[in-house]
Amino acid sequence: MVLADLGRKLNAALSSLNRAPVVDDKVLDILLKEVCAALLESDVNVKLVASLRQKVKAKVKASLESGADKGKDVNRKNIVQKAIFDELVQLVDPGVEPYKPKKGQSNVIMAVGLQGNGKTTTCTKLAVYYQRRGFKSCIVCADTFRAGAFDQTRQSATKAKVAYFGSYTETDPVSIAAQGVSKFKKERFDVIIVDTSGRHKQESELFEEMVQIGEAVKPNMTVMILDASIGQAAEAQSRAFKDSADFGAIIVTKMDGHAKGGGAISAVAVTKTPIIFLGVGEHLHDLEKFSPQPFISKLLGLGDVQGLMEHMQDIATQNPDKQKEMAKKLEEGKLSIRDWREQIQNVMNMGPISKIASMIPGLPQELLQGSDEEGSQRMKRMIYITDSMTASELDSDGSPFMETARGSGTSVREVEELLCQYRMMANMAKQAGGKNGWLQAAQKMQQATGGRGRGANGMPTPAQIQAMQRSMPPGMLQQLQKTMRGGGGMQEMMKAMMQGQGGDQADMEEMQRMMAQMGGGLGGLGGLGGGMPNMGDMFKMMGMGGGR
């Protein structure tokens, strides 16, 4: 991803600050040197970098002089980190509120930019974005300079089911733009997006044409489409467009590439214009809303929980009835293979695994690095397997599918692995649902503990342990104690779970083999920190330890 290298270098610099025993002027200078070097290598304008360095030093000095805890290094570290975070946010946040389209009226948006920056594709993405949010949107192709521009608009708009306007015979872009906007205003469209020809500051005639189109359609907002790989040319080009078209917002495209991306930051600072969207892929839905603080937070590896929740809610709102139906099934403790397949598809719709991982605070990015394609292929093969099943098989509890492996072009082992994972999920759903299920037990425990948090090191408090024991279904605690003290450990617990589903010895051996393979990979998760309590300690606290 664009700016990923910058994020890693900034992370490394801040990590060195945390390791420093004493934070003095020397440590601060070394830290700022590393931060500034990372920004310069990412093509951020040298003047902006020098300004950031001075502002951070001034802010840290002012905070330390006015603060009461001058001698505390922890406090000094927090002050330095906050100063750097705030100044990085200021680089991408000019403090200007962009225009927001309103329903019930015509909102004209004109797209401008250099050749090859992805204007036509972005115009379609923008139309789809507003259409999914209840706006009646359309596209006017006023690009008569590039061969095939109208064909591209027609194809992408037809695919997205968005209305469009253009002409194969008219050569005057000003006339086409005026006709299209007039037509769609009469038809009461909410968002009218005007796509113009690509141009750069040396082409004075094309710049004059852009001004004429603006005067003809009178846009509510002009958007500059900026390629993330523009580099140091961003300052001069964006300033020229600002002087001519006075754009009010920026959309940065090709953020899924490997360019340095610092030029886009320079354009924001030079023109005092906010970024409103990021193009993060080639598909019609690959347009992300831009927010300065969450963007810098993800860049520094601090996550974006709010963005993750919004992303999940956006997917849920696409089919609310199915989500309610799934929630009801989970409450009842029922889960078919068809239901499980829908959940896999929902995960795939959320985007690349690395994108989701970047939104989770504290998760090391190296953990999922390079696994996007592998993970995606694995989920697709699961979908292929289920696509080869009949309706009765999809609604079943997962009996052996020898014919399914042959029909889906996969191996029997993969089908068995899929079914084994399904049985584990079905067991969890079965034990979670109902009056004596885990969901009810968790609710009782929360009520018993008054919603209070955990104790030290993420472990439950003694009061919470007692409440958990009281809330367990009758006989469950004794069964777990017997299993753990008898030396059976996790294998015996797995065996009990499999028998609850009617599993045989072969199922148990398959599950053990899978768990052994997964053991190495899961062991790496131990470095995630104190968020996960030690299960052995937890069992001892509940009276399940010993016997070994």
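Residues numbered from 1 in each chain as written. Predicted model: local features only at pLDDT ≥ 70, side-chain atom pairs only at ≥ 80, totals over all residues. Heavy atoms only, no water.

Asker: Describe the side chain of Thr386, with residues and values.
Answerer: As for its placement among the helices and strands, Thr386 is situated in helix 16 (residues 372-387). For Thr386, the residues in contact, after removing those within four places along its chain, are Ile337, Arg341, Leu394 and Leu418. (Helix = DSSP H or I, 4+ residues; strand = E, 2+ residues; numbered from the N terminus. Contact = heavy atoms within 4.5 Å.)

Asker: So, the pattern of salt bridges: which residues are in play, and what are the values?
Answerer: If you walk through the whole model with that rule in mind, you get 12 salt bridges. Residue Lys9 is joined to Glu41 by a salt bridge in which the shortest nitrogen-to-oxygen separation is 2.2 Å. In this pair, Lys9 is assigned in helix 1 (residues 4-19) and Glu41 in helix 2 (residues 25-41), connecting sequence segments 32 residues apart. The exposure class assigned to Lys9 is partly exposed, which follows from its relative accessible area of 30%. The partner of Asp227 in a salt bridge is Lys254, with the nearest N and O atoms 3.0 Å apart. (Salt bridge = Lys/Arg side-chain N within 4 Å of Asp/Glu carboxyl O. Buried < 20%, exposed > 50% of the residue type's maximum accessible area, 1.4 Å probe, protein only.)

Asker: Please provide a residue-by-residue account of the packing of aromatic side chains, values included.
Answerer: As enumerated under the stated definition, the model contains 9 aromatic pairs in all. Between Phe150 and Tyr168, the ring centres sit 4.9 Å apart and the planes meet at 70°, which makes this aromatic pair edge-to-face. Of this pair, Phe150 sits in helix 6 (residues 149-160) while Tyr168 sits in the loop between strand 3 (163-165) and helix 7 (173-186), and the two are 18 residues apart along the sequence. The class for Phe150 is buried, based on a relative accessible area of 12%. Cluster of aromatic residues (ring-pair linked, three or more members): Tyr129, Tyr130, Phe135 and Phe277. (Phe/Tyr/Trp six-rings, centres within 6.5 Å; stacked < 30°, edge-to-face > 60°.)

Asker: Just give me the short version of the layout of surface pockets, but keep the residues and values in it.
Answerer: One number sums up the size of the second largest pocket: a volume of about 440 Å³. Lining the second largest pocket are 21 residues, with Pro98, Lys100, Ile276, Lys289 and Phe290 sitting closest to its centre. A total of 3 residues in the lining of the second largest pocket trace back to one element, the largest contributor, which is strand 7 (residues 275-279). Its residues placed into classes, the lining of the second largest pocket shows 16 nonpolar, 1 polar and 4 charged. (1 Å grid on protein atoms, 1.4 Å probe; cavity = no way out; pocket = protein on both sides within 12 Å on 5 of 7 lines; lining within 4 Å. Points joined across faces, edges and corners; volume = space filled by probe spheres on them. Nonpolar A, V, L, I, M, F, W, Y, C, P; charged D, E, K, R; others polar.)

Asker: Outline the nonpolar core, listing residues and values.
Answerer: Judged by nonpolar contacts, the single largest core of 76 residues is most densely connected at Leu88, Val194 and Ile296. Looking at this core element by element, the count peaks at 9 residues for helix 4 (residues 73-92). Look past the residues within four positions of Val194 in its chain and what remains in contact with it is Val108, Ile109, Met110, Ala111, Val140, Ala142, Ala177, Val181 and Ile213. Ile109, Cys123, Ile139 and Val223 belong to the second-largest nonpolar core, a separate cluster that totals 23 residues. (Core = buried A, V, L, I, M, F, W, Y, C linked by side-chain atoms within 4.5 Å.)

Asker: Can you tell me about the environment of Gly262, naming the residues and giving the values?
Answerer: In this fold, Gly262 is placed in helix 10 (residues 262-271). Judged by its relative accessible area of 0%, Gly262 falls in the buried class. Each C-alpha atom, one on Gly262 and one on Ser229, is 8.2 Å from the other, the two residues being 33 residues apart in sequence.

Asker: For the sheet that holds strand 4 (residues 191-195), give the residues involved together with the corresponding values.
Answerer: Strands belonging to one sheet form pairs held by backbone hydrogen bonds; the direction of such a pair is parallel or antiparallel. In space, the 8 strands of this open sheet follow the order 3-2-4-1-5-6-7-8, with mixed pairing throughout. In this open sheet, the two strands that pair with only one neighbour each are strand 3 and strand 8 (287-289). Within this sheet the neighbouring strands show an average axis-to-axis angle of 25°, counted without direction. The sheet contact formed by strand 2 (residues 137-141) and strand 3 spans 3 bridges and is parallel. Of the residues in strand 3, the one forming a bridge with Cys138 is Ala163. Each of strand 2, strand 3 and strand 4 touches helix 6; the most contacted strand, strand 3, lies at about 170° to it. (Pairing = 2+ DSSP bridges. Axes fitted to C-alpha atoms, helices over the stretch in contact; angles between N-to-C directions.)

Asker: Please provide a residue-by-residue account of the pairing of strand 4, values included.
Answerer: With respect to burial, strand 4 is a largely interior element, 5 of its 5 residues being buried. The two faces of strand 4 match: Val191, Ile193 and Asp195 on one face and Ile192 and Val194 on the other face are all buried. Pairing between strand 1 (residues 107-113) and strand 4: 5 bridges, direction parallel. Bridging across to strand 4, Asn107 finds its partner in Val191. Across 5 bridges, the pairing between strand 2 and strand 4 is parallel. Paired with Ile139 across the bridge in strand 4 is Ile193.

Asker: Describe the UniProt feature "domain: SRP54-type proteins GTP-binding" (unreviewed entry) in the protein chain, naming the residues involved and giving the relevant values.
Answerer: UniProt records the feature "domain: SRP54-type proteins GTP-binding" (unreviewed entry) for residues 274-287 in the present numbering. Note that residues 274-287 is 0% helix and 43% strand, and that its end C-alpha atoms are spaced 16 Å apart. (UniProt positions renumbered as here; feature names shortened; annotations may be inferred.)

Asker: Any chance you could break down empty space enclosed by the protein for me, citing the residues and the numbers?
Answerer: Applying the stated criterion across every chain, the model contains 2 cavities of 30 Å³ or more. Residue lining of the second largest cavity: Leu6, Leu10, Leu39, Leu88, Leu91, Val92, Ile265, Ile296 and Leu299, and that is the complete set. With 3 residues, helix 4 is the largest single contributor of residues to the lining of the second largest cavity. Tallied by class, residues from the lining of the second largest cavity come to 9 nonpolar, no polar and no charged. Looking at the lining of the second largest cavity, you find at least three residues from each of domain 1 (2-92) and domain 2 (107-302). (Domains from an automatic or database assignment.)

Asker: Break down unusual backbone geometry for me, with residues and values.
Answerer: In most cases, non-glycine residues show a negative phi, while peptide bonds are predominantly trans. The residue Lys161 is not glycine, and still its phi comes out positive at about 60°. Here the phi dihedral of Arg188 falls at roughly 60°; this positive angle occurs in a residue that is not glycine. Within the secondary structure layout, Arg188 lies in the loop between helix 7 and strand 4. What makes Arg188 exposed here is its relative accessible area of 69%.

Asker: Before we move on, can you summarise the environment of Asp227 with the specific residues and values?
Answerer: Position of Asp227 relative to the elements: it lies in strand 5 (residues 221-227). With a relative accessible area of 9%, Asp227 lands in the buried category. The sequence separation of Asp227 and Leu114 amounts to 113 residues, and the corresponding C-alpha distance is 8.4 Å. Excluding anything up to four places from it in sequence, Asp227 contacts Gly116, Asn117, Thr253 and Lys254. Within polar-contact distance, the side chain of Asp227 engages the side chain of Lys254 at 3.0 Å. (Polar contact = N/O pair within 3.5 Å; in protein donor to acceptor, adjacent residues only side chain to side chain.)

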